[in-house]
Structure formats: structure tokens, C-alpha cells
Protein chains: 2
Amino acid sequence: MKIIGIIAEYNPFHNGHLYQIEKVKEIYPESIIIVAMSGNFLQRGEPAIVDKWVRAKQALLNGVDVVVEIPIAGCVQPADRFAENGVRILNNMGCEELFFGAEHAEYDFMTYAQLVQNLDSTEFSKKNISYAEAFQEAVAAKIGHNIDSPNDVLGLAYAKANLKFGKKLKLNPISRNVAGYHDKSLSPDSNIASATAIRKVLFSKDHNLVDKYLPSYQDLKDEKYISWDDFWPFLRYKLISSDIDELANIYGMAEGIQYRMKKKALELKVEATFDEWLKAVKSKRFTYTRLTRLSVATLVGMKVNDVSLYNKFPYVHLLGFTKNGQKALNIMKKNSEIPLLAKISQQDKDDFYHVDYRAGKIYQSQNYKEQDLKRAPLIF
Amino acid sequence: MKIIGIIAEYNPFHNGHLYQIEKVKEIYPESIIIVAMSGNFLQRGEPAIVDKWVRAKQALLNGVDVVVEIPIAGCVQPADRFAENGVRILNNMGCEELFFGAEHAEYDFMTYAQLVQNLDSTEFSKKNISYAEAFQEAVAAKIGHNIDSPNDVLGLAYAKANLKFGKKLKLNPISRNVAGYHDKSLSPDSNIASATAIRKVLFSKDHNLVDKYLPSYQDLKDEKYISWDDFWPFLRYKLISSDIDELANIYGMAEGIQYRMKKKALELKVEATFDEWLKAVKSKRFTYTRLTRLSVATLVGMKVNDVSLYNKFPYVHLLGFTKNGQKALNIMKKNSEIPLLAKISQQDKDDFYHVDYRAGKIYQSQNYKEQDLKRAPLIF
């Protein structure tokens, strides 16, 4: 019995994800698949289109055996940190191999990780380009070619995290050449489309044919689809109603960007959208994803200290499992150094879990479903 | 030429207010009437039904000569402080007399003020009843009868403030026995109704006959009427997304009420209304108006320090004037110790004016009209 790990967002779960799971089952028919999934706010600083419970259910109905939630302090992070937090969780859950999609599955990610492991990240903040761009340049110099496709970049981040934690996982990149990560339209010749394209169709209300790309459209079709548009009035209000020094405490604030975020929130017309505000705030030194992550941290009030605490005392929230998954959980309980929360207690929510709880309450204000208290793991 | 002061909210301006102004003109045909008016958030912790500019315009069209705004730190306050801030402004604007409505215009408010001036307010917070109730009891003991009608209470507060500032104003209570302050329905036999009754009708969308009670219904009828229902999602979000120690800095927080405010915001259903939340938070020690004032302070992020600063360095914002009013402004400019702001500058908004500016921006998020920057005083 192999225990296989996957780090995913499932925003939403689609045939590309299903394909990856089928690949695992093809190679290891007896495997148990554990997914470390982002919660209601995603790595790139977006709210999830549907909540973590709906997404976990879709995964469990389609071959995944255990879904755990990466806490918000570990998840809404640059790729390297997101990868570290995901890999750390999977290590602790007893995973032996990590499967992930890559534009170039033939890359030797572990070797690349060794080549770039000593890059000094503090150097990248000096030039007049974004951190991400500077890092790309340095990586290309070490490896001999660019690593710039989104899933390859994540793959390298997983490999680096794996190296850091003593190479406990064997890496299995799976080719995902059917749909580009950011493809904006559905391809009629395939039943695989990018999550970006699928979300676009779901938000358009013209859902014709979208079920072709989704293994569980039935579970999705009655959900309210959530986006930054739903939270933007609250983010704007937060920026307007907070003092600059309160904003300075938010995780990720740097170089006085809080002044610019607040100024643009005040200056733009009330009718302005989140995207218009983002565009107004954008500068050379800040990528869009850095700004959207900052936006999530501001929205939920995640402080520097909240992230430090999570890094020191990590935990993981069990969203659901199958009977097959139960076996892995039994093994894991004996070995894990990271507490696995099957239920969020009244005490947890006021203690270490408070930012996740708050994020859930804010998400709930839009989808009207309690996210943490009184929710038991899904069992399939 | 007499300069007459009135302290008002005009929420909205109605025939009862007009009656008061006509009374002044009857006694002093040559008078200049200056009104110190609350801004977009009112003394009792409610948002104004229409913004300060609409209300100032209505006053100027109906006999008032100058309208100035009492800053939010001076306005969203218990009656005594509200009265002090209003009286201080009117003193500085050169007013000689103060007109105000009273349920018992025959009361000798200045004498009553002398009788109760030495009551030690710190004593009222000890008993297991609200401050307001304890104060009422003590006042009745001194004066020999209750002062418990809303306008009489305010009248006594004006008298106390006047005493404190050296009795610069002659007080002129005007009988307002036609409509009770809190009357909830319109009386068909009169053209005077309480602002409470008028607001109720305006919110009901059934505006039939309401113009009978309003001298300027034309200016009101196309406005969006604003209430706590509009701001409640933002207040709830603020309570959910703030740490307890951030809430503790809000002006007026006491006895750990922030725990209760936050707890109820988290526990109630997403569909719960502001009134349901208020009712859930209500306790013997806190009156509803104390809670609504706390709610405004929380919504706009008004800190203890913001109020201390205003108390030390007061200012007043000129909303509009008539040609007749211009004369009083010329006199005032020579004598006032309080700066009169005719325009809010970019610098003001980041400096002493920042809480007013913020309150205006939050109000603007609902009525879509810029409240401070680029607004010049109305001239009629």
C-alpha cells in the first residue's frame, strides 16, 4: 500500500485533476491518495469559487482518499512557502510520493532544486523588478534554461521543500499538456480545460457544456460562485476605516505599500471594481499575485505574528476521508508531529485557529454556510 | 442684529424645525440664525437618513443663515458632551442666544443646571443600572422632579454646558408639544410630525402624504435613504476581522463590551439584522444608544486618542450660508478661537480631519456622493 500525496486547490475540481488521480491509480492500484488542499482563500490570493467542503467532497467522490486543509497562514503564500507548508503536511501524514502536474514532466526537479538551493533570496529584492522576476533570472542562470510555466515553477518549489525536509518524498511529475494553467477558453476538442477557463464559464451564467469538463458538475451547479467582487466592498471598507499603522501590521506589508492601497481605495469611485483598484495599486515592485495575497491578508486581518505562530506550531484540518483513507489516518495518528484537527472546538477558534476561523466567517458572509464550528469531516 | 444659535440634527428637516425658526424670526426679525448640525452620523449613534449637505441645504432654504458641522468626535457622544461641543461652537461663532425645543419650555433650565452642576458623574457607573438611569435619579433628587423627556434632557445639557462656558448664551426653550420626539406615526390633524415618524414613512416607500410634514420634500424624494441596515454588513465584518485588542482601542469601549459585540457578530446567522445584533448585545449596563454610539465609533474606527485630540484642538466645518449669514461669518472670523474650515484640504484629511473624512468615505460608499474633498460650502 503506497501513500501518495498531492498538493492542490481544486478551484474547482475538474477532469484534469481527475486525470492526475487516475494516473496515480494506474501506477499504484493499491494506493491511498492524500490531498493537502487550500481552504477558502487560495495560494494566489483569490477566494475559492466554492467553499472548501464542496471542493473536498468533489475530490473524495473522484478517487481521493483523504483531504486536509492547509491553514490560511500556510496557504496564502508565495509558491516556495506554500510548497513547504504542503510538503511538511504530507510528510507528516506519512506520504511516500508526491504527484503533481507539470508543463515539463521530463524535468529532473530534484536535481534542479539542488542547483538552486543556495540562491540568496534577499538579493532579489534589491533590483527595480519584482521578486518573482529576479528569482526567475537567477534560476535560469543556475539551471541553464527558464523555469517559467506555472506548474513547473510549483514543481520546483515542491522539490526545494522536499530537499529541505530530507527528501522524504519521491517526486512524480505528471504531464498536463492538455490545458494551459491560465487558458481562458474551453477547448471543444478535449474534455480537459483549465480551472481558469472553467471559472470564467461558471461566472458567466452560461453553463452550457461546462459539465463536459467537470466530473461533479451536479454538486457545483447550485452553489453561489464566490469571487473578489464579493469581498471587494469589505476590503475597501477595511482600507478606508483602518489607520495606516494598523495596516502596517498586516502580514506581507512592505515598502509602505499600505499607503498606496489605502490611497487608491479612498480615491477611486465607489463603483470601482477590485480589478480597477488592483490596477491602480500595481507598481513594478509588486506583482499582481503579491497584491492579491496582501489583499487576502488585509481582508482577514492576518498579522505577521499569526504567520510566525503557524510556522512554529503548524496544524492541519481534516476535511474528509474515505474508508480507504481511514487506514492512512490510523497510521498517521501514531507518527505525525502536526496535530490533525477533526473538529474545530470553541477553544481552538479563539486560540491558534483564530485566523482560519475568521477567514471562514468572512467567507460565510457570502456563501451563508458555516465553515468550521460544528462541521465534522466528510466521510465517503 | 441678534445672532441666534441652534443645535440640531435635521434628520430630516421638517415642519417642527421650521416652526422653531419662525419663532426666532417672530421674536427677532433681524436675526442671523446659525445652526451647529451633526454630520453624517448622529448624536444617538445612527447614520443620518440623508447626508449633511442635503440636510444643510434644506435648513438654508428654510430660514437658517449658517450651517456648520459638529465633527464626529464631538457629535456621536452622550447628551452632555454633544451639548458642550455644540455650545462651544456657537459661542465661538458669536451667538448671543440659544433656541431649542423642549417638552417643558417653562422649565428654568439655567437654574436646574446650577442645581445639578456638582453631581459626580463617576458615581453613576457603580450601580447595576445604566449610567443614564442613575443620572436621571440623581437629577430628580436635586431638582425635585424628573427631567426625562428627550428634549428637556438635551435642554438641561445645553444649560450645563452654557454654565460651564460662562453663561455666554441666553437660553430660549420653545415649546414643541405638537409631536413627541419618538412618536412613531404621523398625525393627520397636524402638519408637524416627529423625525422618527417621518423617517419611518420615508423608509416604508409609501410616501403618500409625507410631504405635508416636510417643507422641502422635493429635495428629499430622490435621495437614497440611509440607515444602519446599510452599514451593518460592514460593522459585522469589522467585528469579525478585528482582534479584540484592536477593538479595545475604540472610543467608548468599556467593561469588555468588545468581547460581547464580537461574539454576537460571530454567532448570529448571516441573515441577522443590525437590530437583532443590538438586542443580542444589550445588557443592563449598556443602553441602546450607548451601543449604537459604540457601533458608529467601531464602524469608522474612532479611537480614544481621536476624541482627546478633538477636545484639545476643536474645529468646525462650514457647510453653507446665506448672504445674511455671510455677515455673521465676517464677525466670527475675527473672534473665533476655533478654526472654521470652508474647504477640506488634502492635508486636513490626513491630519486632524481624518476621522471625519473616513466617516464621510464610509457614508459615501452607500450614497455615492463625495462628502468632503472638493465640496465647497453651499451659498444661498
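Residues numbered from 1 in each chain as written. Chains lettered and ligands numbered in written order. Predicted model: local features only at pLDDT ≥ 70, side-chain atom pairs only at ≥ 80, totals over all residues. Heavy atoms only, no water.

Undergrad: What am I meant to see in the relation of the copies chain B and chain A here?
TA: Each copy of the chain is related to the other by a rotation around an axis and a translation along that axis. Overlaying chain B with chain A gives an RMSD of 0.0 Å, the required rotation being 180° about an axis along which the chain moves by 0.0 Å. Here the copies are linked by what is in effect a two-fold axis. If distances are taken from each C-alpha of chain B to the rotation axis, the shortest is found for Phe234 of chain B, at 3.3 Å. By residue overlap, the copies meet face to face through one surface: 100% of the interface positions of chain B are interface positions in chain A. (Least-squares fit on C-alpha atoms with pLDDT ≥ 70 in both. Contact = heavy atoms within 4.5 Å.)

Undergrad: Is there a simple way to think about the interface of chain B and chain A in this case?
TA: Quite often, the size of an interface is put as the accessible area lost when its parts meet. Residue-level contacts link 27 residues of chain B with 27 residues of chain A. For the pair chain B and chain A, the two sides together bury roughly 2300 Å², of which 57% comes from carbon and sulfur. Where chain B meets chain A, there are six salt bridges. Of the charged contacts, one joins Lys303 of chain B and Asp243 of chain A as a salt bridge, the two residues approaching to 2.8 Å between their closest N and O atoms. (Buried area = accessible area lost by both parts, 1.4 Å probe. Salt bridge = Lys/Arg side-chain N within 4 Å of Asp/Glu carboxyl O.)

Undergrad: How should I be thinking about the packing of helix α13 (residues 274–281) of chain A against helix α14 (residues 288–300) of chain A in this particular structure?
TA: In a packed pair of helices, the relevant descriptors are the angle between the two axes and the axis-to-axis distance. Residues and elements named next belong to chain A. Interhelical geometry of α13 versus α14 gives an angle of 120° and a closest axis separation of 10 Å. What the angle tells us is that α13 and α14 run oblique. Judged by the twist between their axes, the crossing of α13 over α14 is right-handed. From α13, Phe274, Trp277, Leu278, Lys279 and Val281 reach across to α14, where they touch Tyr288, Leu291, Thr292 and Ser295. (Axes fitted to C-alpha atoms, helices over the stretch in contact; angles between N-to-C directions. Helix = DSSP H or I, 4+ residues; strand = E, 2+ residues; numbered from the N terminus. Parallel < 35°, antiparallel > 145°, perpendicular 65-115°, else oblique. Left-handed = near helix turned anticlockwise from the far one by under 90°.)

Undergrad: Help me out: how do you make sense of the environment of Ile338 of chain A in this one?
TA: Residue and element names in this part refer to chain A. Here Ile338 shows up in the loop between α16 (323–335) and β7 (340–341). Given the relative accessible area of 6%, Ile338 is considered buried. Beyond its immediate stretch of four places on either side in the chain, Ile338 contacts Arg88, Ile89, Asn92, Pro314, Tyr315, Val316 and Met332. (Buried < 20%, exposed > 50% of the residue type's maximum accessible area, 1.4 Å probe, protein only.)

Undergrad: What am I meant to see in the nonpolar core here?
TA: In a soluble, globular protein the nonpolar side chains are often hidden away together inside. Core analysis: the biggest nonpolar cluster contains 186 residues, and Phe41 and Trp277 of chain A together with Phe41 and Trp277 of chain B have the highest contact counts within it. Other than its neighbours up to four places away in sequence, Phe41 of chain A contacts Glu46, Pro47, Ile72, Cys75, Val76, Phe231, Val296, Leu299, Val300, Ala359 and Tyr363 of chain A. (Core = buried A, V, L, I, M, F, W, Y, C linked by side-chain atoms within 4.5 Å.)

Undergrad: Looking at this structure, how should I read the domain arrangement of chain A?
TA: Residue and element names in this part refer to chain A. For chain A, the domain assignment lists domain 1 (3–224 + 308–379) and domain 2 (229–305). The interface of domain 1 with domain 2 comprises 28 residues on the first partner and 18 residues on the second. Carbon and sulfur atoms supply 59% of the area that domain 1 and domain 2 bury against each other, a total of about 2000 Å² over both sides. Seen at the junction of domain 1 and domain 2, the total is one salt bridge. A salt bridge links Lys224 to Asp230; the nearest nitrogen and oxygen atoms lie 4.0 Å apart. At the boundary of domain 1 and domain 2, one finds ten residue pairs in polar contact (both at pLDDT 80 or more). Elements represented by at least two residues in the side of domain 1 that touches domain 2 include exactly α3 (72–75), α15 (304–312) and α18 (354–367). The leading source of residues in the side of domain 1 that touches domain 2 is α18, at seven residues. (Domains from an automatic or database assignment. Polar contact = N/O pair within 3.5 Å; in protein donor to acceptor, adjacent residues only side chain to side chain.)

Undergrad: For this particular structure, what's the right way to read the side chain of Lys264 of chain B?
TA: With respect to the helices and strands, Lys264 of chain B occurs in helix α12 (residues 257–267). In contact with Lys264 of chain B, not counting residues within four places along its chain, are Trp277, Ala280 and Val281 of chain B.

Undergrad: In this structure, what is going on with the packing of aromatic side chains? I would like to understand it.
TA: Aromatic ring pairs are described here by two measures, namely the spacing of the ring centres and the angle between the planes. Enumeration according to the criterion identifies 40 aromatic pairs over all chains in this entry. Measuring from ring centre to ring centre gives 4.9 Å for Phe234 of chain A and Phe234 of chain B, while their planes differ by 35°; the resulting arrangement is tilted. Taken together, the residues span two chains, with Phe234 of chain A in helix α10 (residues 228–241) and Phe234 of chain B in helix α10 (residues 228–241). What makes Phe234 of chain A buried here is its relative accessible area of 9%. Ring pairing ties together the aromatic residues Phe41, Trp228, Phe231, Trp232, Phe274, Trp277 and Tyr363 of chain A, which thus form one cluster. One cation-aromatic arrangement involves Arg88 of chain A over Tyr310 of chain A; the distance from NZ or CZ to the ring centre is 5.7 Å. In this arrangement the basic side chain of Lys282 of chain A is found over the ring face of Tyr288 of chain A, its NZ or CZ atom lying 5.4 Å from the centre. (Phe/Tyr/Trp six-rings, centres within 6.5 Å; stacked < 30°, edge-to-face > 60°. Lys NZ or Arg CZ within 6 Å of the ring centre and 35° of its normal.)

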